[in-house]
Amino acid sequence: MTTILALLSFSFPLSAYVRLLMISSAAILGISKIVLSKSRAIRWYLSGYILFVVWAGLSIVWTVSKIGYNEQIFNMLNAIMLNIAVMSYIIYEKESFEDIREWLFPILLFYLVQSIFIGSFDWEGRFSPGGATNQFGITTSYVFLLTLYDIRYKKKTKKILSIIIMILAMCLTILTGSRKALLNLIMFICIVLVFPKYDKNFLRNLAKIILVIGLAAVALFIIMKVDVIYNIVGKRIVTLISYYSGDLTEDMSALRREYMKEDAIQLFKEHPLCGIGLNGYKYVARYNTYAHSNYYEMLACLGLIGTVLYYIPVVMLLAISIYQWIKGKKDAVVPFCIALSFFVNEFSNISYIYRNIHLFIGIATGLSMNEHMKNFKNKYADS
């Protein structure tokens, strides 16, 4: 029950303190179960996040002494605790994807419908509920992934709810105009439909790769030729191509982000191990904002130690999901997609304070660890 309340808090507009109380109560129950577990994999996952929270908390001493109250500690705790609460609930209370969808999909539907009513378009024509357009787009792309997988591979589940949620999620993802969210959408469609599990046959893999390239080319053609979609997404793809080709004059925001990353690199060189403190970057860099890349933000604010601690759990998730995918476990495609997109998005996204992203990391980890849990009684029980 506490975990369901924590999940609902992900949708309702609550204060950071109330949300933290709801989420932390569920996370504490989850942590108690993990501590009692004999699974090394789960304990290593939890240890990474606990050490990260401790390290980030210690760094607050520096930032508070310099800038005063630091609100991001509450946002970070909300995100990490929700991750742990959902992950532990899925592992110890649920057995399969089919069980998870029974309580998760109605919550996701509520979240999407609520977003439609409170959302609005900004001056660029991008849709989001109360700002954080990229975060909302990434969230809806993850919702799309779960429902696409359910529709395609789960034969015994009722499809109506999944179809409704998938259509809503896809439309909202496109309307956000987020390049990261659109990349997720294309990536998920290609991987789930074409590479649901590892195939040892070289010619079949080659044919699938050609099919993926073809699908991507068709998607790009539609985006560039349909005026409505081009105005929302196409223009931003053009600037993205210009950015990676080195022509930053086409997009002044890309040029500013390059300066932000330069500042972050300089701060990391000055404080390589410990960083300058959580959320400290925005107060000492040339722009009064974050670094627009979680990699650079982590390195500048928490140093090499904090960065490694933050990414250890997701590296574990990616490694385990790849292993299970190679072994032919079709359910591994969802954790694999979420973990892969997480690392890709980190180049131009901030994740450590957003609970929406960590909700899906927790879901992915729970699904992935569930496969391990089948072997815990044998392989890990005596470890």
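Rules of the game
Residues numbered from 1 in each chain as written. Predicted model: local features only at pLDDT ≥ 70, side-chain atom pairs only at ≥ 80, totals over all residues. Heavy atoms only, no water. Helix = DSSP H or I, 4+ residues; strand = E, 2+ residues; numbered from the N terminus. Buried < 20%, exposed > 50% of the residue type's maximum accessible area, 1.4 Å probe, protein only. Contact = heavy atoms within 4.5 Å. Core = buried A, V, L, I, M, F, W, Y, C linked by side-chain atoms within 4.5 Å. Patch = residues over 30% accessible without salt bridge, like charges linked within 9 Å, V, L, I, M, F, W, Y side chains within 5 Å. Areas by Shrake-Rupley, 256 points an atom, 1.4 Å probe, with all protein chains shown as cover. Salt bridge = Lys/Arg side-chain N within 4 Å of Asp/Glu carboxyl O. Lys, Arg positive; Asp, Glu negative; His and termini not counted. Charge placed at Lys NZ, Arg CZ, Asp CG, Glu CD. pLDDT = per-residue confidence, 0-100. Phe/Tyr/Trp six-rings, centres within 6.5 Å; stacked < 30°, edge-to-face > 60°. Expected span 1.5 Å × (residues − 1). Axes fitted to C-alpha atoms, helices over the stretch in contact; angles between N-to-C directions. Parallel < 35°, antiparallel > 145°, perpendicular 65-115°, else oblique. Left-handed = near helix turned anticlockwise from the far one by under 90°. Nonpolar A, V, L, I, M, F, W, Y, C, P; charged D, E, K, R; others polar.

Peer 1: How would you sum up the side chain of serine 115? Please name residues and give values.
Peer 2: Within the secondary structure, serine 115 is located in helix α5 (residues 97-118). Taking relative accessible area as the criterion, serine 115 reaches 1% and is therefore assigned buried. Excluding residues that lie within four positions of it along the chain, serine 115 makes contacts with Phe127, Pro129 and Phe136.

Peer 1: Hey, could you go over the environment of isoleucine 60 for me, with residue numbers and the actual values?
Peer 2: With respect to the secondary-structure elements, isoleucine 60 resides in helix α3 (residues 40-67). In sequence terms isoleucine 60 and isoleucine 276 are 216 residues apart; their C-alpha atoms lie 9.3 Å from each other.

Peer 1: Summarise the nonpolar core; cite the residues concerned and give the values.
Peer 2: Formed by 94 residues in total, the largest nonpolar core has its most connected members in Phe52, Met76, Tyr281, Phe342, Phe360 and Ile361. Other than its neighbours up to four places away in sequence, tyrosine 281 contacts Met260, Lys261, Asp263, Ala264, Leu267, Ile276, Thr289, Tyr290, Ala291, Glu297, Ala300 and Cys301. Core analysis: the next-biggest nonpolar cluster, separate from the first, contains 6 residues, Cys190, Phe195, Val212 and Ala332 among them.

Peer 1: Talk me through a positive patch on the surface; I want residue IDs and the actual numbers.
Peer 2: Taken together, Arg152, Lys155, Lys197 and Lys330 make up a surface patch of like positive charges. The residue lysine 330 is located in the loop between α13 (294-326) and α14 (333-345) in this model. Overall, the relative accessible area of 31% leaves lysine 330 in the partly exposed class.

Peer 1: Describe in detail the pattern of salt bridges, supporting the description with residues and values.
Peer 2: Applying the stated rule across the entire model yields 2 salt bridges. Each of Arg101, Glu102 and Asp150 takes part in one network of salt bridges that share partners.

Peer 1: If you had to explain the confidence of the model for the chain to someone new, which residues and values would you point to?
Peer 2: The pLDDT averaged across the chain works out to 78; a share of 78% of its residues lies at or above 70. Mean pLDDT per element in the chain: helix α1 (residues 2-11) is the minimum at 54, and α14 is the maximum at 92.

Peer 1: Just give me the short version of the packing of aromatic side chains, but keep the residues and values in it.
Peer 2: Counted according to the given criterion, the structure contains 13 aromatic pairs. Judged by centre distance (5.5 Å) and plane angle (45°), the rings of tyrosine 149 and tyrosine 153 are tilted. Within this pair, tyrosine 149 and its partner tyrosine 153 are both found in helix α6 (residues 133-153), separated by 4 residues, close to a single helical turn. In this structure, tyrosine 149 and tyrosine 153 share a single accessibility class: buried. Ring geometry for tyrosine 295 versus tyrosine 311: centroids 5.3 Å apart, planes at 35°, classification tilted. Here tyrosine 295 matches tyrosine 311 in class, with each residue buried. Members of the aromatic cluster, connected to one another through ring pairs, are Phe52, Tyr295, Tyr310, Tyr311, Phe342, Phe343 and Phe347.

Peer 1: Describe a nonpolar patch on the surface, naming the residues involved and giving the relevant values.
Peer 2: Together, Val113, Ile116, Phe117 and Ile118 give the surface a local cluster of nonpolar side chains, amounting to about 400 Å² of exposed area. Note that isoleucine 118 resides in helix α5. You can call isoleucine 118 exposed: its relative accessible area is 53%.

Peer 1: With reference to specific residues and values, describe helix α8 (residues 179-194).
Peer 2: Compared with an ideal rise of 1.5 Å per residue, which puts 16 residues at 22 Å, α8 spans 22 Å between its outermost C-alpha atoms and is within 8% of the ideal. For α8, the tally of buried residues reaches 12 of 16 residues, placing the bulk of the element in the interior. Looking at α8, one finds that the buried residues are Arg179, Lys180, Ala181, Leu182, Asn184, Leu185, Met187, Phe188, Cys190, Ile191, Val192 and Val194.

Peer 1: Before we move on, could you go through the packing of α8 against α14 and cite the residues and values that matter?
Peer 2: At a closest axis distance of 10 Å, the pairing of α8 and α14 adopts a crossing angle of 150°. Looking at the two axes, α8 sits roughly antiparallel to α14. The element α8 and its partner α14 pack so that their crossing is right-handed. Between α8 and α14, the contacting residues are Lys180, Leu183, Asn184, Met187, Phe188, Ile191 and Val192 on the first element and Val333, Phe336, Cys337, Leu340, Ser341, Val344 and Asn345 on the second. A breakdown of the residues in the contact of α8 with α14 according to their chemical character gives 10 nonpolar, 3 polar and 1 charged.

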